[in-house]
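One-letter residues, chain by chain:
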Amino acid sequence: MEENRQLKNGQLTVTVLKNGALASIKAGKTMINQVNGNQLDGSLMNIYLRVFSAGQVKFFIPLLGPEAASKLKIGNNQASWTGSVNGLNYQVELLLASHVWFWTVDLSSESAYQADLTYVQDLGLGESSFVESNEAYASQYIDHLVIKEAETITVCSRQNQSQSGKYPYLQQGAFGALKSYSTDGFQFYGTAYKQTNIPLAMKQADLANQKYQYEFALTALRTPRFQVSLQTARKTFYAAFLPDQPSDNQQKLFTVEQLRCEYEKLIKTKSEQNWTTQSPLQLKNSVLSGRQLTDAELQQLFPPEQRKQAEISSGQLLSFFDQQRHHIVLPEKEIRQERMTGNVIMSYAKVEAGQPVLATTQYMCGIFASQTVFGNTNLNILSTNTRNALNVFKASGMRIWLKIAGTWRILTMPSLFCMSYEGADWYYKLADDLLKVSVEAAASGDGLLFEVESAQQREYDLRVVTQLDLQTLGKGLQLLNQNGSLTVLPAQDSLMAKRCPKLKYYYNFTDQQQVEITDWGSETEKYLVFEYHSAQKIKFTLTTLAAKADFEIVKQRAANENKLIDFLGNLKLQAAQAPVAEYLQQTDLIIPWFVHDALVHLLSPHGLEQYGGAAWGTRDVSQGPTELLLSLGHFDQVKKIILMIYQHQFIENGSWPQWFMFDEYADQFADESHGDIVIWPLKVVADYLEKTHDEAILDHELPFFSLQAKRPTTRTASLASHLQDQLNYLQTNFLFDTQVSSYGDGDWDDTLQPANSEQKKTMASTWTMELTIGALNTLVQSLHDHPRLKQNVQSMVNGMERDFKKYFMQDDVLPGFIQMNQQHQVKPIIHPSDRTTGIAYRLLPLQQGILSNIFSPKQINRALQLIKDNLAFPDGVRLMNRPAAYTGGVSHIFKRAEQSACFGREIGLMYTHAHIRYAEALAAVQLDDQAWEALMKVNPINLQQRVKNAALRQANTYFSSSDGDFADRYAAAANFDKLKTGAATVKGGWRLYSSGPGIYVAVLQKLLNKNV
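In the nomenclature of an unreviewed UniProt entry, the protein chain is known as Cyclic beta 1-2 glucan ligase of Liquorilactobacillus vini DSM 20605.

Pasting the structure below:
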C-alpha cells in the first residue's frame, strides 16, 4: 500500500499522508510546520468548518485528515479534498507555487447555513534538526508581526535563530475578509483541551485577537460568518515563504496583488488523480476521560486526615500530598495549567554516576510511558515522546485504548493522578467501575512494570499501543515474538546497534494471560499493539535483560521510596531551623522530589520540556549533582565524576567542550565552550579536597580526550598534571598581558553573548573572574602534598586578585562585563554608566563576590543592598534590573537576549538556579532567615501562599525559571515594573532538568548544618 504522496513545485514539498492529512510542508531545508502529522492523529495543519444555528455553533469539523472522511485527489503540485457533512458540500484545494501555497475552500448547500472557516498552521520555520530537537524552543524564537488593514489580517512570522546563516520568513493571510486571529496553540486549543479534546477556538465566537509569543507557535485565521447556499461560497487563504529575512520583522514582504497573480497562474494548470484515503487500526480520536470523583469516593481513596499541603482554589481541591509524599493531582487543576503534570522515572539499583539506567516519562493525561530509553536519552530511545504540552497528538509514547459499548476509546485525563518518585497511578472513574493504571520502575534496576486493573473485576477489551522511535531504532528494526516475550531489536545499520550491540528491549507477559501481539507500520511510523480480550487485569514488564522480571508494584514502590530516603541520609529538619513553622512541612515534602530531579539530571540527563539531553554539561554536572553528593556525604560518587570529567579534557588545549556524551557516544560533544567552562572541573576537585582531604586522587593516572580524533588518548597523566594543563589554558587565554580571563564564547548566561563576535576577544566576565579566584583559593588551601602545583596555583590567583581589583573594582558597583583594549583601558558593560545597553546591574557578579570571599564586609553590604534595591522581586531575584531591548528579532548588542520573541527562561531574567545561589550567598554571611525566605520562593508547594502573583503550577517538581506572564517582548518591556510590584502574574518555566535541584538541597544542608 502506498503510504503517502508528495506535492512539489520549486523549493516547496508537501507530504500528504494516507489518511488525508498533511505530514509536513518543507521549503528547501526549512521545515514550515512544527510537528509532523501521523497516520493516527492526522495533522495540526487544517481548515476547520463551523456551522451555526440560531447564532450558536451547531457543529464543527476539520476538513482534512482522518476525522473528515474526504475524497482526495492528488496532482504534481496540487491536491483537493471533497466531501459532504449534514447536507453541506465542501471542496478544499491546495495549490503550490514555487514559494507560496494557497488553500481554496468552496462550500455549497441546498439549505441555507451560516458558517465560518478557521485556517490553522503550526510553525517550526527552521531546519528539521533544529525544530525537532525541541519544538517549544523553536517556537520561542519565532517572531510574529500582525498587521490589520481594513478587513484583512496578515501574520508575518520570522525565525530569529539563524538557520545556516538565514532567517526564514512566512507571511499568512487571505484574499477575503478575516475577523480574528491567534498565534499560539495554547490560545487555539486551550488548557482544558487535555480533558475535552475540543479546541477552545471552536467554542469561541472569535479567536483570541492577541499576539501571544509562547512555546506552541501556531497561526489561526478566521473568516467572518458567511452564508452558504446553492451558490458556491469561496474563501482563499495563502502562505508565502522567503528563505531569508535578514531585517527586523517589522513589515510584510508580499503584497496581495503579487500573490493573486501567482494564484491566477496556478488555477489554469490543474491536473489531479483520485487517491483513496485510509486510517489504520480502525481507531478514531475518540477519547475517554475519567468522571469526576465524589467527595466520598475521594475520601475512600485518600482520607482527609492523611492529606498534606492541600492546594485549594475558590473552595475547589486541586492537589495534595499523602503520608508517603506521593503527589495527588485532580483534573480541576490540570485543566488550568499550561504545562502537563508529569515526571521522569528511572529504574536503578543504586546511584552510580555514568551507569546507564532505564527511564520513561509519564504525564497525567494518559501518557503512561513516553521516551522510554535505556542509557543515552537521545540515541537509545524505544518509544517516542510527546511533542507538545496539550496532548494534541495521541500517537506518541504508550497509550491505552478501552472498548466501551463497542467503540474503541483512548484513555486521556484521569479522575485522579497519583505520582510517586519512580512511578504513578492513573484512576479512571467509569459509569460503573474504577479503572486503575499503574506504572512503576523496578527498584533493583530490572525494568518497568505496567498494570491495568478493574476495581469491580469487570472484563474489558484493551489495546496497549506504543509508537516506536524509528529515528533511533532504525527503519529495519526487528520484532521477535516467542515464549511469552517480545524482543525489540534495533536495525543492524542503526547507530544504536553499532554502539550498543547488546542492547535489546524485552516485553514480558504473564503466562496466564492471552495477549495478541501485532504491529502496524510503514517506513515512517511503527506501532506495537498488545490486544487483550475480556481481561479484568493485565500486567507486563519491560526490561533490557533476557530474563523475565516479575515484581509487584506495591513492593517496588516502597523500595524506591526507601532507597531515596536512605540516599538522603542525615538530612533532617527540626522545628528550630526555619523562621516559619509552615516552611518545615513544605520543605520536608519537596526535598526528596528535588533529589529525585537532581538524580535524573545526573543519571538520565533530560527533562519534561527539554527532552533532549543525554550529555553531561561540563558546567552542569560540576554543580548540581556534585554539590548534592558532597552535601550528603556520597564522596565516592563525586570522585567517580571527577575521574570521568577529566577523561574528557582535551589534550590539544587543556579545556573541555560545553557538553559531552559520557557513554558509547563519546565522540559526540560540543564544538565550543564558554569562558567559564574550564574552571568548573577544577572547582569540583577543590571542593572535593576541601571536604575529604583525599589528596591521593591527584596521583590517579587518566587519559585525555582528543578534540581532533574524537576519542580517548593512549597517553595518560596524573590528575595533578591535568590540573596544570588547566592552569596553562587559563594563562594562555588571559586578555593581552594581564591576568584577566577572556570571555571566550560566553559565561553562564549565554543569552548575553555579544552580537559582534569580535567583541568577545576583548571582553571579560566579572562573574567568571570571581568564580576562578574562588576556586583557585579553595584549591590552594586544600593542597598539602603537591607543592609545585600549589605554588603555581597561588601565583596565578595572586595575579588575578590584583587585576580584578585594578580593572573590575573601579567604583562601588561591579560591572557585568568589561571591555579592554591593548592599552588596558576599560569600558564597563552592564553598569550604571553603560549608555549602550541601558542596563545598570547584573546579579551574578554581586552574589559571586560574596561566595568567592572576594568582598570586604563593606562591599558585601553594598552588594546585598544593590540586589535588594534593583534585582529583588516578589518571586525571586532577577539576573538584571531590566531586560535587553527587543526590536523584532535582529541582534544589535546581545545575541539570544535580543532574538527570543518569548519572555521566558533566561530572557525573563528570574532564573531559579541563580536565585538559589543568592540564597547561598545570604547563608554565607549568616543571614539565615533571609536565605530561608529565598529558598521558599522557589519551593512549588502552595507557592501562592508566599508568592501572591504566582500562577498555578505542578507542586512536586523543580521549575528552572519564573516567567512574567506577558504576551510578547514588547508587553514585557512596557510592563516590567509590574513584576517588581507583584501586579503581573508569574508562571513556572521548564521543569526538572537543571543543576538547580541539587544546588537547592546542598544550600539547605548548609543552613541545617549550622544548627547541628
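Student: Break down the pairing of strand β27 (residues 367-374) for me, citing the residues and quoting the values.
Tutor: Of all 8 residues making up β27, 7 are buried, and the element is well covered by its neighbours. In terms of strand pairing, strand β26 (residues 358-363) meets β27 through 4 bridges, oriented antiparallel. Its bridge partner being in β27, Thr361 is matched across the sheet by Ser370. If you look at the hairpin formed by β26 and β27, you'll find 3 residues sitting between the two strands, and Gly366 has a positive phi there, around 85 degrees.

Student: Quick one: what's the story with the UniProt feature "domain: SOGP N-terminal" (unreviewed entry) in the protein chain, residue by residue and with numbers?
Tutor: In the numbering adopted here, UniProt assigns the feature "domain: SOGP N-terminal" (unreviewed entry) to residues 16-238. Between the first and last C-alpha atoms of residues 16-238 the distance is 18 Å; the span itself is 9% helix and 49% strand.

Student: Go over the packing of helix α22 (residues 928-936) against helix α25 (residues 996-1009), please, and point to the residues and values.
Tutor: Relative to each other, α22 and α25 sit at 155 degrees, their axes nearing to 11 Å. It follows that α22 is roughly antiparallel to α25 by the angle criterion. As α22 packs across α25, the resulting crossing turns out to be left-handed. On α25, the residues touching Asp928, Ala931, Trp932, Leu935 and Met936 of α22 are Tyr1000, Val1003, Leu1004, Leu1007 and Leu1008. Here the residues of the contact of α22 with α25 sort into 9 nonpolar, no polar and 1 charged.

Student: Talk me through the domain arrangement of the protein chain; I want residue IDs and the actual numbers.
Tutor: Note on interface size: it is often stated as the accessible area lost on association of the parts. You can read the domains of the protein chain as domain 1 (5-269), domain 2 (286-470 + 509-535 + 549-563) and domain 3 (580-604 + 874-1011). Centre-to-centre, using C-alpha coordinates, domain 1 lies 34 Å away from domain 2. Taken residue by residue, the interface counts 27 residues in domain 1 and 25 residues in domain 2. For the pair domain 1 and domain 2, the two sides together bury roughly 2300 Å², of which 58% comes from carbon and sulfur. Our count for the contact surface shared by domain 1 and domain 2 stands at 3 salt bridges. Notably, a salt bridge pairs Arg339 with Glu215, separated by 3.0 Å at the nearest N-O pair. Applying the counting rule to domain 1 against domain 2 returns 14 residue pairs in polar contact (both at pLDDT 80 or more). Secondary-structure elements contributing two or more residues to the side of domain 1 that touches domain 2 are α3 (185-189) and α4 (193-196). Across the side of domain 1 that touches domain 2, the residue classes tally to 11 nonpolar, 11 polar and 5 charged.

Student: Help me get a handle on the packing of helix α13 (residues 624-631) against α25, residues and values and all.
Tutor: Where α13 contacts α25, the axes come no closer than 7 Å and their chain directions differ by 30 degrees. Judged on the interaxial angle alone, α25 and α13 are roughly parallel. Along this stretch, α13 crosses α25, giving a crossing that reads as left-handed. Where α13 approaches α25, its residues Gly624, Glu627, Leu628 and Ser631 are matched on the opposing element by Gly998, Ile999, Val1001, Ala1002 and Gln1005. Split by residue class, the contact of α13 with α25 holds 4 nonpolar, 4 polar and 1 charged.

Student: Now, about the environment of Glu215: what can you tell me, with residues and values included?
Tutor: The topology assignment puts Glu215 in the loop between α4 and β17 (217-222). In this structure, the C-alpha to C-alpha distance between Glu215 and Glu135, residues 80 residues apart in sequence, is 7.5 Å. Among the polar contacts made by the side chain of Glu215, one reaches the side chain of Arg339 at a distance of 3.0 Å. At 2.8 Å, the side chain of Glu215 forms a polar contact with the side chain of Trp990.

Student: How would you explain the pattern of salt bridges if you had to name every residue and give the values?
Tutor: Under the definition given, this model contains 38 salt bridges. Between Arg557 and Asp425 there is a salt bridge, and its shortest N-O distance comes to 2.7 Å. With Arg557 in helix α10 (residues 553-568) and Asp425 in strand β31 (residues 423-429), this pair connects stretches of sequence that are 132 residues apart. We note that Arg557, like Asp425, is buried. The salt bridge involving Asp676 is made with Arg619; its shortest N-O contact spans 2.7 Å. Taken together, the residues span a long stretch of sequence, with Asp676 in the loop between β42 (659-660) and α15 (679-692) and Arg619 in helix α12 (residues 618-621) at a distance of 57 residues.

Student: Account for the sheet that holds strand β2 (residues 12-17), with residues named and values stated.
Tutor: To summarise the sheet geometry, strands pair through backbone hydrogen bonds and adopt either a parallel or an antiparallel arrangement. Read from one edge of the open sheet, 5 strands run β1-β2-β3-β4-β12, paired in antiparallel fashion. Strands at the two margins of the open sheet, each flanked by one partner only, are β1 (4-9) and β12 (126-127). With 6 bridges joining them, β1 and β2 adopt antiparallel strand pairing. Note that in β2 the partner of Asn9 across the bridge is Leu12.

Student: Lay out helix α19 (residues 843-851) with the relevant residues and their values.
Tutor: Helical geometry: 3.6 residues make up each α-helical turn, so side chains three or four residues apart lie on a common side. Among the 9 residues in α19, 8 count as buried, and that is most of the element. In this fold, the buried residues of α19 make contact with α17 (766-782), α20 (857-870), β49 (876-877) and α21 (912-924). Two residues or fewer after α19 comes Asn853, characterised by a positive phi angle close to 60 degrees.

Student: Tell me about the packing of aromatic side chains, and name the residues and values.
Tutor: To describe a pair of aromatic rings, one takes the distance between the centres and the angle between the planes. Considering all chains together, one arrives at 42 aromatic pairs under this definition. On the basis of an interplanar angle of 85 degrees and a centroid distance of 5.5 Å, the ring pair of Phe530 and Phe540 is categorised as edge-to-face. Residue Phe530 is found in strand β39 (residues 526-535), and its partner Phe540 is found in strand β40 (residues 537-543); the two are separated by 10 residues along the sequence. Looking at Phe530, the relative accessible area reads 1%, which means it is buried. For the ring pair Tyr646 and Trp656, a centre distance of 5.1 Å and an interplane angle of 85 degrees mean the geometry is edge-to-face. Linking Tyr646 in helix α14 (residues 635-646) with Trp656 in the loop between α14 and β42, this pair joins segments that are 10 residues apart in sequence. For the pair Tyr646 and Trp656, one class covers both residues: buried. Pairwise contacts between aromatic rings join Tyr48, Phe186, Phe188, Tyr189, Tyr193, Tyr212, Tyr214 and Phe216 into one cluster. In this structure, Lys710 packs its charged tip against the face of Phe669, placed 6.0 Å from the ring centre.

Conventions we followed
Residues numbered from 1 in each chain as written. Predicted model: local features only at pLDDT ≥ 70, side-chain atom pairs only at ≥ 80, totals over all residues. Heavy atoms only, no water. Buried < 20%, exposed > 50% of the residue type's maximum accessible area, 1.4 Å probe, protein only. Helix = DSSP H or I, 4+ residues; strand = E, 2+ residues; numbered from the N terminus. Pairing = 2+ DSSP bridges. UniProt positions renumbered as here; feature names shortened; annotations may be inferred. Axes fitted to C-alpha atoms, helices over the stretch in contact; angles between N-to-C directions. Parallel < 35°, antiparallel > 145°, perpendicular 65-115°, else oblique. Left-handed = near helix turned anticlockwise from the far one by under 90°. Contact = heavy atoms within 4.5 Å. Nonpolar A, V, L, I, M, F, W, Y, C, P; charged D, E, K, R; others polar. Domains from an automatic or database assignment. Buried area = accessible area lost by both parts, 1.4 Å probe. Salt bridge = Lys/Arg side-chain N within 4 Å of Asp/Glu carboxyl O. Polar contact = N/O pair within 3.5 Å; in protein donor to acceptor, adjacent residues only side chain to side chain. Phe/Tyr/Trp six-rings, centres within 6.5 Å; stacked < 30°, edge-to-face > 60°. Lys NZ or Arg CZ within 6 Å of the ring centre and 35° of its normal.

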